[in-house]
Amino acid sequence: MSTTPVIGVLALQGDVREHLIALAAADAVARPVRRPEELAEVDGLVIPGGESTTISKLAVLFGLMEPLRERIAAGMPVYGTCAGLIMLADKILDPRSGQETFGGIDMIVRRNAFGRQNESFEAGVTVNGIDTPVEGVFIRAPWVESVGAAVEVLAEHDGHIVAVRQGRALATSFHPELTGDHRIHELFVDMVRAER
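Residues numbered from 1 in each chain as written. Predicted model: local features only at pLDDT ≥ 70, side-chain atom pairs only at ≥ 80, totals over all residues. Heavy atoms only, no water.

Some details on helix 4 (residues 65-73)
Part 1 of the reasoning: For helix 4, the set of buried residues is Met65, Leu68 and Ile72. All buried residues of helix 4 fall inside an arc of 70° around its axis, so they share one side. Those residues of helix 4 that are exposed and aimed more than 90 degrees away from the buried face are Glu70 and Ala73.
Part 2 of the reasoning: Where helix 4 is buried, its residues meet strand 1 (6-10), helix 2 (36-39), strand 3 (44-47), helix 3 (52-61), strand 4 (78-81) and helix 5 (83-88).
Part 3 of the reasoning: Residue Gly75 follows helix 4 closely and has a positive phi angle near 105°. (Buried < 20%, exposed > 50% of the residue type's maximum accessible area, 1.4 Å probe, protein only. Helix = DSSP H or I, 4+ residues; strand = E, 2+ residues; numbered from the N terminus. Arc of directions from axis to C-beta. Contact = heavy atoms within 4.5 Å.)

Next comes the structure, spelled out in structure tokens:
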């Protein structure tokens, strides 16, 4: 049996290609996922950045909302960046009308918390378990307002939570796939490998 995990990238919207490249660099077989049958074939899943309301609507449209919720609840390793972090939240502080999430992390998130597109920025972020700071690219980024007891806070920026882990679910407010630094993807690939 191959030890190389097969990791999907939810390919409904957002920076899918960059995640596929980062996962391949982190020694995983990376595949786009658009349909329930593709979801069934992966060991783990990355939910990319993009627009969380659009991802929510498209997940319903493509018949992925319930299968995704079920796989996450059953313990499939999952990693969300930016909008993906919002999609993994059990609660959104300021949801758009009809916006749903996949859930999986006991946290409350605030959308666009760091400001609009023109207030996007980059900053070094110290992440628990990674020896030197990673370059965090924050684009209309959310932050985590609060977490439940089971959630481990992995990183903060300016006093706000920007990276968390709960069991097999990992999430960051920022976009490590845009920097060429694949250490967070390596951390996730290791999580998936541990589950297999």
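Now that the structure has been shown, we can carry on.
A few points about the side chain of Ser56
Part 1 of the reasoning: Relative to the elements of secondary structure, Ser56 occurs in helix 3.
Part 2 of the reasoning: Owing to a relative accessible area of 2%, Ser56 belongs among the buried residues under this scheme.
Part 3 of the reasoning: Among the polar contacts listed, one links the side chain of Ser56 to the backbone nitrogen of Glu100, at a separation of 3.0 Å. (Polar contact = N/O pair within 3.5 Å; in protein donor to acceptor, adjacent residues only side chain to side chain.)

What about the pattern of salt bridges?
Part 1 of the reasoning: Per the counting criterion, the structure on display carries 13 salt bridges.
Part 2 of the reasoning: Look at the salt bridges and you will find they share partners, linking Asp27, Asp190 and Arg193 into a network. (Salt bridge = Lys/Arg side-chain N within 4 Å of Asp/Glu carboxyl O.)

Examining the side chain of Arg111
Part 1 of the reasoning: Looking at the secondary structure, you find Arg111 in the loop between strand 6 (105-110) and strand 7 (121-125).
Part 2 of the reasoning: In this structure, Arg111 is in contact with Glu51, Ser52, Thr53, Ile86, Ile92, Asp94, Pro95, Arg96, Gln99 and Pro142, ignoring residues within four places of it in sequence.

A few points about the packing of aromatic side chains
Part 1 of the reasoning: Tallying each qualifying case throughout the model produces 6 aromatic pairs.
Part 2 of the reasoning: Taken together, a centroid distance of 5.0 Å and an interplanar angle of 85° make the contact between Phe114 and Trp143 edge-to-face. Taken together, the positions of Phe114 in the loop between strand 6 and strand 7 and Trp143 in strand 9 (residues 143-147) put the pair 29 residues apart, joining distant regions of the chain. As far as burial versus exposure is concerned, Phe114 and Trp143 are alike and both buried.
Part 3 of the reasoning: Here Phe121 and Phe138 contribute two aromatic rings whose centre-to-centre distance is 4.7 Å and whose plane-to-plane angle is 10°, an arrangement assigned as stacked. With a gap of 17 residues between them, Phe121 in strand 7 and Phe138 in strand 8 (residues 134-138) connect regions that are remote in the sequence.
Part 4 of the reasoning: Accessibility expressed as a relative area gives 25% for Phe121, which makes it partly exposed.
Part 5 of the reasoning: Put simply, the rings of Phe114, Phe121, Phe138, Trp143 and Phe174 pair up and form one aromatic cluster. (Phe/Tyr/Trp six-rings, centres within 6.5 Å; stacked < 30°, edge-to-face > 60°.)

Nothing here speaks to function; it is all geometry.
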